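# Observations on chain architecture
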Amino acid sequence: MVINKINKKNAKPLAISISVIFVTIFFLGHICNIKIGDERFFIMCKEVEISNNTGYDEAELKKLAYFPLLDEVWYKNYNMSDIDWISGLNPKVKKCHVSGSYNKFNIEALNDTSIEYIFFDRLNIDDFTDAHDNRTIKEIITWYYDGANLNGIENFKALENLYLANAHKITNCDALKECSELKEVSLVQCDLLEDYSSFLEIPKLEYLCVDEGALREEEIKALEDKGVRIAFNKYEPQG
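Residues numbered from 1 in each chain as written. Predicted model: local features only at pLDDT ≥ 70, side-chain atom pairs only at ≥ 80, totals over all residues. Heavy atoms only, no water.

## A few points about the pairing of strand E2 (residues 39-42)
Alignment of strand E1 (residues 33-36) against E2, held across four bridges, turns out to be antiparallel. Opposite Asn33, over in E2, you have Phe42 as the bridge partner. Following E1, the chain reverses through two residues before pairing antiparallel with E2; Gly37 in that reversal takes a positive phi of roughly 65 degrees. (Pairing = 2+ DSSP bridges. Helix = DSSP H or I, 4+ residues; strand = E, 2+ residues; numbered from the N terminus.)

## Re the side chain of Asn166
Along the polypeptide, Asn166 turns up in the loop between strand E8 (161-165) and strand E9 (184-188). Of note is the side chain of Asn166, whose polar atom sits 2.7 Å from the backbone oxygen of Trp143. What Asn166 contacts, discounting residues up to four positions off in sequence, is Trp143, Tyr144, Tyr145, Val188 and Gln189. (Polar contact = N/O pair within 3.5 Å; in protein donor to acceptor, adjacent residues only side chain to side chain. Contact = heavy atoms within 4.5 Å.)

## Quick notes on the side chain of Ser186
Topologically, Ser186 is positioned in strand E9. Each residue touching Ser186, except ones within four places of it in the same chain, is listed here: Leu162, Tyr163, Leu164, Tyr207 and Cys209.

## Some points on the environment of Lys35
Within the secondary structure layout, Lys35 lies in strand E1. In sequence terms Lys35 and Glu60 are 25 residues apart; their C-alpha atoms lie 8.6 Å from each other. Aside from chain neighbours lying at most four places away, what touches Lys35 is Arg40, Glu60 and Lys63.

## Side note on the pattern of salt bridges
This model, assessed by the stated rule, comprises seven salt bridges. Its salt-bridge partner being Lys63, residue Glu60 comes within 3.4 Å of it at the nearest N-O pair. The residue Glu219 makes a salt bridge to Arg216 at a minimum N-O spacing of 3.1 Å. What makes Glu219 buried here is its relative accessible area of 5%. The exposure class assigned to Arg216 is partly exposed, which follows from its relative accessible area of 42%. (Salt bridge = Lys/Arg side-chain N within 4 Å of Asp/Glu carboxyl O. Buried < 20%, exposed > 50% of the residue type's maximum accessible area, 1.4 Å probe, protein only.)

## Some thoughts on unusual backbone geometry
With a phi angle near 55 degrees, Asp133 is a residue other than glycine that sits in the positive phi range. With respect to the element layout, Asp133 can be found in the loop between strand E6 (117-120) and strand E7 (139-142). Despite not being glycine, Asn166 has its phi angle at roughly 55 degrees, a positive value.

## Brief notes about the pairing of strand E10 (residues 207-211)
Within E10, five of the five residues are buried, leaving the element largely enclosed by the surrounding structure. In this sheet, E10 lies alongside E9 in parallel orientation, the contact comprising four bridges. Bridged to Glu184 within E10 is Tyr207. Relative to strand E11 (residues 229-233), E10 runs parallel, the two sharing five bridges. Bridge pairing in E11 links Leu208 to Ile230.

## Overview of the confidence of the model for the protein chain
Do not read the predicted coordinates in detail wherever pLDDT is low. In the predicted model, the protein chain carries a mean pLDDT of 84, and 83% of its residues have values of at least 70. This model gives residues 19-30 a pLDDT under 50, and the stretch forms one contact once residues within four places in sequence are excluded. (pLDDT = per-residue confidence, 0-100.)

## Some points on a positive patch on the surface
A cluster of basic side chains, namely Lys46, Lys92, Lys94 and Lys138, defines a positive patch on the protein surface. As for its position among the elements, Lys46 is in the loop between E2 and strand E3 (47-51). (Patch = residues over 30% accessible without salt bridge, like charges linked within 9 Å, V, L, I, M, F, W, Y side chains within 5 Å. Areas by Shrake-Rupley, 256 points an atom, 1.4 Å probe, with all protein chains shown as cover. Lys, Arg positive; Asp, Glu negative; His and termini not counted. Charge placed at Lys NZ, Arg CZ, Asp CG, Glu CD.)

## As for the environment of Tyr117
Mapped onto the elements of the fold, Tyr117 is located in strand E6. Sequence separation between Tyr117 and Leu159 is 42 residues, and the spatial gap between their C-alpha atoms is 9.5 Å. Among residues more than four places away in sequence, those in contact with Tyr117 are Lys94, Lys95, Cys96, His97, Glu139 and Ile141.

## What to know about the packing of aromatic side chains
In the structure shown here, the tally under the stated rule is six aromatic pairs. For the ring pair Tyr75 and Trp85, a centre distance of 5.3 Å and an interplane angle of 85 degrees mean the geometry is edge-to-face. Residue Tyr75 is located in strand E4 (residues 72-76), and its partner Trp85 is located in the loop between E4 and strand E5 (95-99); the two are separated by ten residues in the primary sequence. In this structure, Tyr75 and Trp85 share a single accessibility class: buried. Between Tyr196 and Phe199, the ring centres sit 5.6 Å apart and the planes meet at 25 degrees, which makes this aromatic pair stacked. Neither residue differs from the other here; Tyr196 and Phe199 are each classed as buried. An aromatic cluster of at least three residues, connected via ring pairs, comprises Phe119, Trp143 and Tyr163. Here the basic side chain of Lys95 rests over the ring of Tyr117, its NZ or CZ set 5.7 Å away from the ring centre. (Phe/Tyr/Trp six-rings, centres within 6.5 Å; stacked < 30°, edge-to-face > 60°. Lys NZ or Arg CZ within 6 Å of the ring centre and 35° of its normal.)

Here you go:
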């Protein structure tokens, strides 16, 4: 009888303690997961991947600023209107992959960021003049570039690697001469560019990849004499 009384006496506090623990776990689980659109992401994760089928408002992407350990972002939305959220990412974020957009948008958000690598599946801009004095981005890669020139690319002061594919409108690359840290350039699947002389004036160029047949023999020799490694991409121009 005494034992039963002791058990009954201890049972109630134990039940309360267990309930408190479960409530605490549930609460912590809720506040440690950030909701963006229809998905929740653990606030301590290092990588986030968001696609446009999650039903979110683009403004929700600013919540990425709440992830203290985040170092890489993957974002896919072919109807995006801006990339303003990039400027709010924490300084640990070094890589950003952006798939889109068919809409034109400016790249001013890249002016105030700590990222070092950015990939655009499609970069629908006229040039890079919206960027001003960026000193962190070392590598820019895009599979589709819509500009006719690269004006403003020199504003990426730390740029070491530039890869542009399907640059079907580009006619001028003179801005590359002002890229003081640029070491590797790939400009492939390009229909209109005929003058590659500006590549000879890139101060630290070590590697160049262009479409097969794009360079004249004298240009190849001049580049090789400067110590530039040359690679050729097999490409059949459109039209």
